[in-house]
Amino acid sequence: DAPPPTREMSTVITLRSADLEVQVTPERGADIVQVIDLATGVAVFTQSPTGDVTSGTLVSPESMVHWLDGYPGGWQLLAPNAGPARTHEGVSQGFHGEASLARWEVLEQSATSLTLRTRLATAPLELQRVLSLDGGDLQVKDTITNGSPDPTSPRLVQHPAFEVDHRLQRVA
């Protein structure tokens, strides 16, 4: 029996205020993989059963499999596609888009803020994500710039996956 394949794990950047801890993975989509309320220890986002954060594949015939294989849970920015792989404006765009799998460059970082940027290969777009903590508030500002002189029509979706308390009971 061969050992299971190893995965390249992404770096996790942690932002922290007196009230919140926020974990972000710049090497896979600038995902916000977790937000934790420090007073209660409650984690806001669900974690994927696979739990591994990997750099997935941008476009392939099985792009959904590659996206799900490295899906950590948390909160993703999907662009320039959201949903099944498609050909748009003559270019193949994988499941849930390139931005959610791309490596993002860290432009600025402090204990309570983070600015990241990426440029897409499957659309003429530059994306910037700014996260900042102020006590118990997390602010996220995503900016998308069209680098082409021609108009483009990407899909854009915020994709959070919240944790559900499994002790909830059905109300009759």
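Each value, and the rule that gives it
- Residues numbered from 1 in each chain as written.
- Predicted model: local features only at pLDDT ≥ 70, side-chain atom pairs only at ≥ 80, totals over all residues.
- Heavy atoms only, no water.
- Helix = DSSP H or I, 4+ residues; strand = E, 2+ residues; numbered from the N terminus.
- Buried < 20%, exposed > 50% of the residue type's maximum accessible area, 1.4 Å probe, protein only.
- Contact = heavy atoms within 4.5 Å.
- Areas by Shrake-Rupley, 256 points an atom, 1.4 Å probe, with all protein chains shown as cover.
- Phe/Tyr/Trp six-rings, centres within 6.5 Å; stacked < 30°, edge-to-face > 60°.
- Lys NZ or Arg CZ within 6 Å of the ring centre and 35° of its normal.
- Core = buried A, V, L, I, M, F, W, Y, C linked by side-chain atoms within 4.5 Å.
- pLDDT = per-residue confidence, 0-100.

### Considering the overall build of the chain
- Counting its regular elements, the chain contains 1 helix and 12 strands.
- Order of helices (α) and strands (β) in the chain, N terminus to C terminus: β-β-β-β-α-β-β-β-β-β-β-β-β.
- Within the chain, the proportion of its 172 residues that are buried is 39%.
- By sequence separation, contacts in the chain at least 24 residues apart represent 50% of the contacts at least 6 residues apart.
- Taken as a whole, the chain presents about 9,500 Å² of accessible surface, with 54% of it coming from carbon and sulfur.

### Description of the packing of aromatic side chains
- Inspection of the entire model under this criterion finds 2 aromatic pairs.
- Grouped by ring-pair contacts, the aromatic residues Phe45, Trp75 and Phe162 constitute a single cluster.
- Of note, Arg129 hangs over the ring of Trp75, and the distance from its end group to the ring centre comes to 5.8 Å.

### Focus on the nonpolar core
- Ranked by internal contacts, the top residues of the largest apolar core, which has 23 residues, are Val22, Trp104, Leu127 and Leu131.
- For this core, the elements supplying multiple residues, two or more each, are strand E1 (13–16), strand E2 (20–25), strand E3 (31–37), strand E5 (74–78), strand E9 (113–119) and strand E10 (125–134).
- With 4 residues, the single largest contributor to this core is E10.
- Residue contacts for Trp104: discarding those within four places in its chain leaves Pro26, Gly29, Ala30, Leu77, Ala99, Leu116, Arg117, Thr118, Leu127, Gln128 and Arg129.

### What about unusual backbone geometry?
- Here the amide bond leading from Ala79 into Pro80 is cis, since omega sits at 0°, within 30 degrees of zero.
- Structurally, Pro80 can be placed in the loop between E5 and strand E6 (86–88).

### A closer look at the confidence of the model for the chain
- Across the chain, pLDDT averages 83, with 80% of residues at or above 70.
- Note that residues 1–9 has pLDDT below 50 and, in this model, 12 contacts with residues that lie over four places away or in other chains.
- Scored below 50 in pLDDT, residues 55–60 makes 17 contacts in the model with residues more than four places away or belonging to other chains.

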